[in-house]
Amino acid sequence: GENVEQHPSTLSVQEGDSAVIKCTYSDSASNYFPWYKQELGKRPQLIIDIRSNVGEKKDQRIAVTLNKTAKHFSLHITETQPEDSAVYFCAASIIAASGTYKYIFGTGTRLKVLA
Amino acid sequence: DAMVIQNPRYQVTQFGKPVTLSCSQTLNHNVMYWYQQKSSQAPKLLFHYYDKDFNNEADTPDNFQSRRPNTSFCFLDIRSPGLGDAAMYLCATSRDYGVSSYNEQFFGPGTRLTVL
């Protein structure tokens, strides 16, 4: 079945350094790839997303790249800050049997930014 | 303004005692999802409603049921909660425009269920 692999599962970086999280999806029909940040006990928050007709998108310190041929997409956080510490989930949108869309989530990356 | 609301935020129930979790939305979205999330894991989709059409995931236990009486409300019923059902339950909504739409999902704050 469809799946999304996410690596690494944990990532520690020094404050100010960059962090990169990578995901690989299996369904070539996937056309939407959101990234969520989840702090302990809170809801997942959308931080950036990318559509299949775009190769890269940037929003301040956060960027996402998509390689449709290789079915890879990655999250890049530059100039990391302690408040970036959280669990990050990637997802790929696929068509459900109902005809609408559902997400396949990656397994998550716990990011720790060390001050 | 809250867009996806879940009540209660915390729910404690006893082993085997039925419990209902509630989700409401002000976005007028036609798709509503229920996820189960256990500690340090990704959200796991239980089922979704596309308008009034209920869609179960293949591995969702029969113990979990759902109702959607109108566009705004959706309920998750756990008929006989077990200790393994303790988790955060997240409701999400999206708008399907029907033509190659990009369906961002909007999450509620979640209900944390404890089973004693």
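Look a little higher up for the structure.
Notes on the structure in this doc start here. What you see is a predicted model; the values in this text were computed from it and never measured.

Omega for the bond connecting A:H7 with A:P8 falls within 30 degrees of zero, at -5 degrees, which places this linkage in the cis form. For the peptide bond that leads from B:N7 to B:P8, omega is -10 degrees, which places it in the cis range. Position of B:P8 relative to the elements: it lies in the loop between β1 (4-7) and β2 (10-13). Backbone geometry places A:K71, a non-glycine residue, at a positive phi of 60 degrees. Residue position: A:K71 is located in the loop between β7 (62-67) and β8 (72-77).

This part takes up the side chain of B:N30. Residues and elements named next belong to chain B. Looking at the secondary structure, you find N30 in the loop between β3 (19-25) and β4 (31-37). A residue is classified by how much of its surface remains accessible, and N30, at 9% relative accessible area, is buried. Within the local environment of N30, its side chain forms a polar contact with the backbone nitrogen of D96, the two atoms lying 2.9 Å apart.

Let's shift gears to the sheet that holds β3(B). All names here are of chain B. Here four strands make up an open sheet; going across it, the order is β1-β3-β8-β7 and the pairing antiparallel. Two strands in the sheet have a free side with no partner beyond their single neighbour: β1 and β7 (64-67). Taking each pair of neighbouring strands and ignoring which way they run, the sheet shows an average axis angle of 20 degrees. Bridging between β1 and β3 involves four bridges; their strand directions are antiparallel.

Parameters at a glance
Residues numbered from 1 in each chain as written. Chains lettered and ligands numbered in written order. Predicted model: local features only at pLDDT ≥ 70, side-chain atom pairs only at ≥ 80, totals over all residues. Heavy atoms only, no water. Helix = DSSP H or I, 4+ residues; strand = E, 2+ residues; numbered from the N terminus. Buried < 20%, exposed > 50% of the residue type's maximum accessible area, 1.4 Å probe, protein only. Polar contact = N/O pair within 3.5 Å; in protein donor to acceptor, adjacent residues only side chain to side chain. Pairing = 2+ DSSP bridges. Axes fitted to C-alpha atoms, helices over the stretch in contact; angles between N-to-C directions.

These values are about where atoms sit, not about what they do.
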